[in-house]
Amino acid sequence: MSFFNRRGDGADAEENFDMFPDEYTVQKHIANAWAGDPLAQDRSVEYLALLASQERFQKQLMSHGALEPLLSLIRSTQTNTSILRNCAQAVACLAEQEDNCDKIVEEGGLDKLLQLITVSEEDDEVSQLRLPAISGICNLLEKDEIKHQVVTGGGIPYTLQLIQPSMTCLPVQQKAAQVLAKVTELPELLGKVIKHGLMKKLAIVMNNDDHQMRLWGSKCAANVLAKENWVGKFVQDECLAPLMAICQAVAAPESDEQTQLYSCLALSFLTNIKMYQARIRDAGMVSPLVMLTMKSENLQVQQHALKTCLLYTSDAADEEDSVDLGGRRIIKKKKKK
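Residues numbered from 1 in each chain as written. Predicted model: local features only at pLDDT ≥ 70, side-chain atom pairs only at ≥ 80, totals over all residues. Heavy atoms only, no water.

## Concerning the pattern of salt bridges
Pairing between side chains of opposite charge can happen when the charged atoms of each approach one another.
Next up, step 1: As enumerated under the stated definition, the model contains ten salt bridges in all.
Next up, step 2: Measuring nitrogen to oxygen at the nearest pair gives 3.1 Å for the salt bridge that ties glutamate 107 to lysine 103.
Next up, step 3: Taking relative accessible area as the criterion, glutamate 107 reaches 34% and is therefore assigned partly exposed.
Next up, step 4: Lysine 103 sits in the partly exposed class, given a relative accessible area of 32%.
Next up, step 5: One salt bridge in this structure joins lysine 147 and glutamate 185, with 2.7 Å as the shortest N-O distance. Within this pair, whereas lysine 147 is found in helix H11 (residues 144-152), its partner glutamate 185 is found in the loop between helix H13 (170-183) and helix H14 (187-195), the two being separated by 38 residues in sequence.
Next up, step 6: Judged by relative accessible area, lysine 147 falls into the buried class, the value being 3%.
Next up, step 7: For glutamate 185, a relative accessible area of 33% corresponds to the partly exposed category.
Next up, step 8: By sharing partners, the salt bridges in this structure join Asp144, Lys147, Glu185 and Lys219 into a single network. (Salt bridge = Lys/Arg side-chain N within 4 Å of Asp/Glu carboxyl O. Buried < 20%, exposed > 50% of the residue type's maximum accessible area, 1.4 Å probe, protein only. Helix = DSSP H or I, 4+ residues; strand = E, 2+ residues; numbered from the N terminus.)

Dropping the structure here:
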């Protein structure tokens, strides 16, 4: 992931790193980040952030002690937004390595990043801190114990606030939706996230035309609907219609495979409950699902789409004279009295 727009205000910032720099250069920039004058500090932090953006250097930077000065500069008294942004970008990149995540959290990195996603929307420059901050939080969530810390530590309300009906700050909203999809993977956290207002925001995410938003919205919906006791809340908060709209849209051949998978999985959970099968039928869902079973090359997509069709048709055949199945009809034989 690259956040950087290189400013061209120094040789170091423009350097193309073919190999990890020598020990003296790295330690010089780490020392400047600790105690340099503001200008030197800014340049050195940007240098470290550029190094951190390259995956092959991330473990080496951690072993050289770059994390501590970066986190020390993310503080409430820090007024230089360039330094804050570069520090957050560097920490977000370092968190791409799962081996670094525990150390980042132990040193207070998670709390520091959570602080940055609460910045005022009125200041455009300050609001730019949100993307590296929420990206870093998202990267840290590869570990289940960190998911627990985000939820129990009060990070969910701030994450939900980033989801808006408009397309404003779309990259930030995409990462916020991904965070929600990750934390709801754990059934023990799902209820806590829902109580903070997940469903209303989930409807917004799934109604978004952006394919990334629909992907994470579909995954989050599948996580919710896997627990039958939350299905009523899901439907009540108007999440069903956007989910079915996604399912209809993903029947197109060019649709994202992961979105197909999660949306079909979510719908298959819903079809397990008899009272919602008629709504799925009335929404015209069977035909696009049949198309997916025939056209998708992903076996899991085929299985979830076919399961939904079979659950619907097997129940409907008990109640009606015929069942619409992708343009063909299964005729129910009348029982002799």
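## As for the packing of aromatic side chains
Next up, step 1: Enumeration according to the criterion identifies one aromatic pair in this entry.
Next up, step 2: Plain terms: the ring middles of phenylalanine 20 and phenylalanine 57 are 5.4 Å apart, the flat faces sit at 65° to each other, and that makes the pair edge-to-face. Pair noted here: phenylalanine 20 is in the loop between helix H1 (11-14) and helix H2 (23-35) and phenylalanine 57 is in the loop between helix H3 (38-52) and helix H4 (58-63), with a separation of 37 residues, a long-range link. The exposure classification of phenylalanine 20 matches that of phenylalanine 57, with both residues buried. (Phe/Tyr/Trp six-rings, centres within 6.5 Å; stacked < 30°, edge-to-face > 60°.)

## Topic: unusual backbone geometry
Next up, step 1: Even without glycine at this site, cysteine 169 takes up a positive phi of about 50°.
Next up, step 2: When you line up the elements, cysteine 169 lands in the loop between helix H12 (155-161) and H13.
Next up, step 3: On the basis of relative accessible area, cysteine 169 is assigned to the partly exposed category, the value being 41%.
Next up, step 4: Here glutamate 238, not a glycine, exhibits a phi torsion of approximately 65°, which is positive.
Next up, step 5: For glutamate 238, a relative accessible area of 62% puts it in the exposed group.

The values reported here are purely geometric and, on their own, carry no functional implication.
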